[in-house]
Amino acid sequence: MRPPLTSYQSRIESELARVRESGHHRTLRVIDSPQGPIVKTHDGDKINFCSNDYLGLANHPRLRSAAIDAMDRYGLGSGASQLVSGRSGAHVSLEEKLCEFTGRDRAILFSTGYQANLSIATVLSLGRNGEIVEDRLNHASLIDGAKLSGSRLRRYRHKDVSSLEEMLSQSKHKQMLVLTDTVFSMDGDIAPLKEIAAISARHAALFCVDDAHALGVLGEGGRGALEEFKLSQTDVPVMVGTFGKALGCFGAFAAGTDPIIEFLVQKARPFIYTTALPATICAAVEAALGLLREEAWRREQLFDRINYLRTCARDVCLPLGDSRTPIQPLIVGSAANACALSEGLYSDGIFVAAIRPPTVPLGTSRLRITLSSSHSREHIDRLIAALLRQRKFWQR
Ligand SMILES: Cc1ncc(COP(=O)(O)O)c(C=O)c1O
């Protein structure tokens, strides 16, 4: 006989107790204002150093009015998946703009980056005949997609091209898919993309990148890591970009060769079986692409703030990780330490969430400090001063 439902629930409660004891329990904080350098919380205003709104576009008037105009024309909900009746002129127009922006032949929109990455891994690995080889520190969605795909999954040492090459040369699979984040989401460091592209080509593996944290940030025109590294569609036949970070919106896309994108449209379950992005979002993303072109000062200001933070950190021996992107990790070791540091800063008016396992490897809990062009230098001075008051949690 099955145990009663109450015993199922008590099992869940004891699992929850275990999560709490391990220091990995997560809480949901509520923000009562738009995203920006300062946010309103139930505990007062805080300087926000944990948003991915790298260019300060999440509440930009031009994005808001583009969304409102699209709402007047298309309404709010998209009503169905893109393959049924959810695809509007705003979707088509954004895809065209993304092709121009990325220099890729064709693009397709996804409702989230998570779904885009699940799609890439499940569809392009070609199931049981394929093998997926990916960086150990890739975003969870690329790892989850690989697990779901039925293909063999191998994870090479972080940014280690010899480990990648060894795995590709050992593989007995007919098809191999190489996946990497361009900018790693928890460390802010950058994958050796040119080398990975060359190795993938040598082994006839399909190379795909997730450019979530580089799009809008890296490259002369803010076109992302592939622009910075001058990698063409031949080098990287398919890429994923997201709209929820530097572009200040929500959603994602994949861009690449026509057959790859068509194959995703035909086969990707996270594309087929989900409601389309609202047209309002598509219009706002298109406005954000326009601002990237017109307002290069945002990127310049962002890099000024990154350099300023790193200089201040060096002056006070704050051990930030090695990163030249808006993601500046402060690794403090235990989950308890990271939580105590985050809470101490929060009481002092600074909002930086603690990042703990399983998001990062055990013993590398951290504050993932993120910068935006909308931060002033004074905001950074206040962060440094608050960190100095909490130095017992990070001083080595
Ligand atoms: C590298 C990376 N890829 C993909 C995603 C998922 O994107 P989305 O938030 O649009 O689901 C994230 C985080 O959100 C990310 O950091």
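Predicted, not measured: the structure shown is a model, and the values here were computed from it.

So, how was this worked out
Residues numbered from 1 in each chain as written. Predicted model: local features only at pLDDT ≥ 70, side-chain atom pairs only at ≥ 80, totals over all residues. Heavy atoms only, no water. 1 Å grid on protein atoms, 1.4 Å probe; cavity = no way out; pocket = protein on both sides within 12 Å on 5 of 7 lines; lining within 4 Å. Points joined across faces, edges and corners; volume = space filled by probe spheres on them. Helix = DSSP H or I, 4+ residues; strand = E, 2+ residues; numbered from the N terminus. Nonpolar A, V, L, I, M, F, W, Y, C, P; charged D, E, K, R; others polar. Domains from an automatic or database assignment. Pairing = 2+ DSSP bridges. Contact = heavy atoms within 4.5 Å. Axes fitted to C-alpha atoms, helices over the stretch in contact; angles between N-to-C directions. Near = heavy atom within 4 Å. Polar contact = N/O pair within 3.5 Å; in protein donor to acceptor, adjacent residues only side chain to side chain. Areas by Shrake-Rupley, 256 points an atom, 1.4 Å probe, with all protein chains shown as cover. Sits in = over half its atoms within 2 Å of the grid points. Expected span 1.5 Å × (residues − 1). Patch = residues over 30% accessible without salt bridge, like charges linked within 9 Å, V, L, I, M, F, W, Y side chains within 5 Å. Salt bridge = Lys/Arg side-chain N within 4 Å of Asp/Glu carboxyl O. Buried < 20%, exposed > 50% of the residue type's maximum accessible area, 1.4 Å probe, protein only. Lys, Arg positive; Asp, Glu negative; His and termini not counted.

Novice: Quick rundown of the layout of surface pockets? Include the residues and the values.
Specialist: Which parts of space are left empty comes out when a probe the size of a water molecule is rolled across the atoms. One number sums up the size of the largest pocket: a volume of about 1,100 Å³. Taken together, 42 residues form the lining of the largest pocket, with Cys50, Ala353, Ala354, Ile355 and Arg368 sitting closest to its centre. Secondary-structure elements contributing two or more residues to the lining of the largest pocket are helix 4 (113-124), helix 13 (335-347) and strand 12 (354-355). Here the lining of the largest pocket is composed, by residue class, of 15 nonpolar, 18 polar and nine charged. Counting residues domain by domain, the lining of the largest pocket receives three or more from each of domain 1 (25-52 + 296-393) and domain 2 (61-294).

Novice: Quick one: what's the story with the sheet that holds strand 13 (residues 365-370), residue by residue and with numbers?
Specialist: Strand pairing in a sheet relies on backbone hydrogen bonds. The paired strands run either parallel or antiparallel. Pairing in this open sheet of three strands is antiparallel, and the strands run 10-13-12 from one edge to the other. Two strands in the sheet have a free side with no partner beyond their single neighbour: strand 10 (327-333) and strand 12. Bridging between strand 10 and strand 13 involves six bridges; their strand directions are antiparallel. Looking at strand 13, one finds that Gln328 is bridged to Ile369. Along the sheet, helix 13 contacts strand 10, strand 12 and strand 13; its crossing angle with strand 13, the most-contacted strand, is approximately 40 degrees.

Novice: Which residues make up the site of the ligand, and what are the values?
Specialist: As a structural note, the neighbourhood of the ligand is formed by 13 residues, with Gly113, Tyr114, Asp210, His213 and Lys245 the closest of them. In this structure, Asp210 approaches the ligand through a side-chain N or O atom, which is 2.5 Å from a nitrogen atom. The contact in question runs from an oxygen atom of the ligand to an N or O atom on the side chain of His213, over 2.6 Å. When the ligand sits alone it has 380 Å² of accessible area, and the protein chains cover 80% of it. Comparing atom positions with the cavity grids shows the ligand to sit within the largest pocket. The greatest single-element share of the shell around the ligand, amounting to three residues, is contributed by helix 4. Partitioning the shell around the ligand into residue classes produces two nonpolar, eight polar and three charged.

Novice: Run through helix 4, naming residues and quoting values.
Specialist: Helix length check: helix 4 (12 residues) gives 16 Å between terminal C-alpha atoms against 16 Å at 1.5 Å per residue, within 8%. Its side-chain oxygen placed 3.4 Å from the backbone nitrogen of Tyr114, Thr112 serves as the N-cap of helix 4. After helix 4 finishes, the residue Leu126 shows a positive phi value of roughly 60 degrees.

Novice: Which residues make up a nonpolar patch on the surface, and what values do they have?
Specialist: The grouping of Leu5, Tyr8, Ile12 and Leu16 at the surface amounts to a nonpolar patch, some 440 Å² of accessible area in total. Turning to its location among the elements, Leu16 is positioned in helix 1 (residues 5-21). On the accessibility criterion, Leu16 (37% relative accessible area) is partly exposed.

Novice: Describe the sheet that holds strand 11 (residues 350-351), with residues and values.
Specialist: The three strands lie next to each other as 1-2-11, forming an open sheet whose pairing is mixed. Where the open sheet ends on each side, the last strands, each with one partner, are strand 1 (38-41) and strand 11. Pairing between strand 1 and strand 2 (residues 44-48): four bridges, direction antiparallel. Residue pairing for strand 2: Ile38 is matched across the bridge by Ile47.

Novice: Can you break down the pattern of salt bridges residue by residue, with the values?
Specialist: Inspection of every chain in the model, using the stated rule, returns 21 salt bridges. One salt bridge in this structure joins Asp187 and Arg366, with 2.9 Å as the shortest N-O distance. In this pair, Asp187 sits in the loop between strand 6 (175-181) and helix 7 (193-202) while Arg366 sits in strand 13, placing the two residues 179 residues apart along the sequence. Side by side, Asp187 and Arg366 carry an identical accessibility label, which is buried.

Novice: Would you mind going over helix 11 (residues 279-294) in detail, with residue names and values included?
Specialist: An α-helical turn contains 3.6 residues, so a residue and the one three or four places further along point in the same direction. For helix 11, spanning 16 residues, the distance from its first C-alpha to its last is 23 Å, which sits close to the expected 22 Å at 1.5 Å a residue. Most of helix 11 sits inside the fold, with 12 of its 16 residues counted as buried. Of the positions making up helix 11, those classed as buried are Ala279, Thr280, Cys282, Ala283, Ala284, Val285, Ala287, Ala288, Leu289, Gly290, Leu291 and Leu292. The elements touched by buried residues of helix 11 are helix 2 (61-74), helix 3 (89-102), strand 3 (106-110) and helix 12 (297-315).

Novice: Lay out the side chain of Asp210 with the relevant residues and their values.
Specialist: By the secondary structure assignment, Asp210 is in strand 7 (residues 206-210). With no salt bridge to any partner, buried Asp210 finds its closest opposite charge in Lys245, at an N-O distance of 7.3 Å. At 3.0 Å, the side chain of Asp210 forms a polar contact with the backbone nitrogen of Ala212. With residues near it in sequence (within four places) discarded, Asp210 still touches Asn117, His139, Leu142, Thr180, Asp181, Thr182 and Val240.

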